[in-house]
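# Topology and contacts: notes
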Amino acid sequence: EIVPVTTTVTDEEGNEREVTISQDEGLRRGTTAAKLGKLKAAFKDGGSTTAGNSSQVSDGAAATLVARRSVAMAKGLPIIGSLRGFAVVGVPPDVMGIGPAHAIPAALEKAGMSVNDIDVFEINEAFASQATYCCDVLNIPLEKVNPNGGAIAMGHPLGCTGNRQIATLLHNLRRRGERFGVVSMCIGTGMGAAAVFEAEN
């Protein structure tokens, strides 16, 4: 899923050095329940959202090539998946995090499928509470959600997240020998988006 990228970075003292980025840097190694329990609430006193159950600010880049099957085949490109349905919905802006709870059913309906037909869900975790809410409302078994970790573990680079989710989903479905997956995320100002994919060999 990750193509190594070599670039030049400047440290705090102004020294430049070349680095190769070949793995996610946002993983919080050494995290324990005890450490997470000591974090302050982010939005209000006594609240449950902390830096430990929220996605971190991350940089990232990703690309997904979408083409007609005939064009991909004519150009000899590998086909690793097919887009089966897509939907964008609106929810009240003050609860924008629940967008996936509305977008996933809309995308599944367009694909003629139900939650039970899906093997893996990649639901962007802006916050654990909003992702958990969406899973609860849709009765999605948690073992099917972000099996390799989501944005809380890997980060949520704005403008990149959807493509990162698609790459993770399609590669994971192939590794597991499974067929159908959903990618979904909330979007600021009150939107939600979801897409249904079928993995191909």
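One structure accompanies this document, and this report is about it. (Residues numbered from 1 in each chain as written. Predicted model: local features only at pLDDT ≥ 70, side-chain atom pairs only at ≥ 80, totals over all residues. Heavy atoms only, no water.)

### Details of the pattern of salt bridges
Going by this rule: Whenever a carboxyl oxygen of Asp or Glu lies within 4 Å of a side-chain nitrogen of Lys or Arg, that contact is scored as a salt bridge. Working definition: helices are DSSP H or I runs of at least four residues, strands are E runs of at least two. Numbering for both runs from the N terminus. Per-residue accessibility, obtained with a 1.4 Å probe over protein chains only, is compared with the maximum for each type, and a residue is labelled buried under 20%, exposed over 50%, and partly exposed between these values.
One pass over the full model with this rule turns up 4 salt bridges. As a salt-bridge pair, Arg84 and Glu198 come within 2.7 Å of each other at their nearest N and O atoms. Taken together, the residues span a long stretch of sequence, with Arg84 in strand β3 (residues 81–90) and Glu198 in strand β6 (residues 191–199) at a distance of 114 residues. Put simply, Glu178 and Arg176 hold a salt bridge, and the shortest N to O gap is 2.7 Å. Since its relative accessible area comes to 36%, Arg176 is described here as partly exposed. Several salt bridges share partner residues, and in doing so they unite Arg84, Arg179 and Glu198 into one network.

### Some remarks on the packing of aromatic side chains
Put simply, the test is: Only the six-membered ring of Trp is used, alongside the rings of Phe and Tyr, when aromatic pairs are assigned; centres must lie within 6.5 Å, and planes under 30 degrees apart are stacked while those over 60 apart are edge-to-face, with the rest tilted.
All chains considered together, the criterion is met by 1 aromatic pair. With a centroid separation of 5.7 Å and 75° between ring planes, the pair formed by Phe43 and Phe127 is classed as edge-to-face. In this pair, Phe43 sits in the loop between α1 (33–37) and α2 (69–74) while Phe127 sits in the loop between β4 (120–123) and α4 (128–138), placing the two residues 84 residues apart along the sequence.

### Structural notes on unusual backbone geometry
Even without glycine at this site, Asn146 takes up a positive phi of about 45°. Structurally, Asn146 can be placed in the loop between α4 and α5 (151–154). On the basis of relative accessibility, which here comes to 7%, the residue Asn146 falls in the buried class. Positive phi, normally seen in glycine, also occurs at Thr189, with a value near 75°. Of note, Thr189 is situated in the loop between β5 (180–187) and β6.

### Brief notes about the sheet that holds β5
As a general point, the strands of a sheet are linked pairwise by backbone hydrogen bonds and lie either parallel or antiparallel. Defined as follows: Whether two strands pair comes down to DSSP finding at least two bridges between them. To get an axis, a line is fitted to the C-alpha atoms, and for a helix only the part in contact is used. The angle between two axes follows their N-to-C directions and goes from 0 to 180 degrees.
Taken in spatial order, the 4 strands line up as β3-β6-β5-β4 in an open sheet, and their pairing is mixed. Edge positions in the sheet fall to β3 and β4, since each of these pairs with one other strand and no more. Each neighbouring strand pair of the sheet contributes to a mean axis angle of 15°, computed without reference to strand direction. Both β3 and β6 contribute to a ladder of 9 bridges, which runs antiparallel. Looking across to β6, one finds that Gly85 is bridged to Val196.

### Considering a nonpolar patch on the surface
For clarity, the cut-off: A residue counts toward a patch only above 30% relative accessible area and without a salt bridge, and it is joined to like-charged neighbours within 9 Å or, for Val, Leu, Ile, Met, Phe, Trp and Tyr, to nonpolar neighbours within 5 Å. Note on areas: Shrake-Rupley with a 1.4 Å probe; residue coverage comes only from the protein chains shown.
Side chains of Leu83, Phe86, Val88 and Met191 sit close together on the surface and give an oily, nonpolar patch of about 360 Å² of accessible area. Top contributing element to the nonpolar patch by residue count: β3, with 3 residues. Since its relative accessible area comes to 44%, Phe86 is described here as partly exposed.

### Things to note about the nonpolar core
The nonpolar side chains of a soluble globular protein tend to be buried, and buried together. Here is the rule we go by: Throughout this description, the term nonpolar core refers to a set of buried Ala, Val, Leu, Ile, Met, Phe, Trp, Tyr and Cys residues connected via side-chain atoms within 4.5 Å. Contact criterion: two residues are considered in contact whenever any of their non-hydrogen atoms come within 4.5 Å of each other.
Counting residues in each nonpolar core, the largest one holds 19 residues, and the members touching the most others are Ile104, Leu108, Ile118, Phe121 and Ile140. Mapped by element, the contributors of at least two residues to this core are β3, α3 (99–111), β4, α4, β5 and β6. Those residues in contact with Leu108 that lie beyond four places of it in its chain are Met113, Ser114, Val115, Ile118, Val182 and Val196. In terms of nonpolar packing, the next biggest core, distinct from the first, is built from 10 residues, Leu169, Leu170, Leu173 and Ala195 among them.

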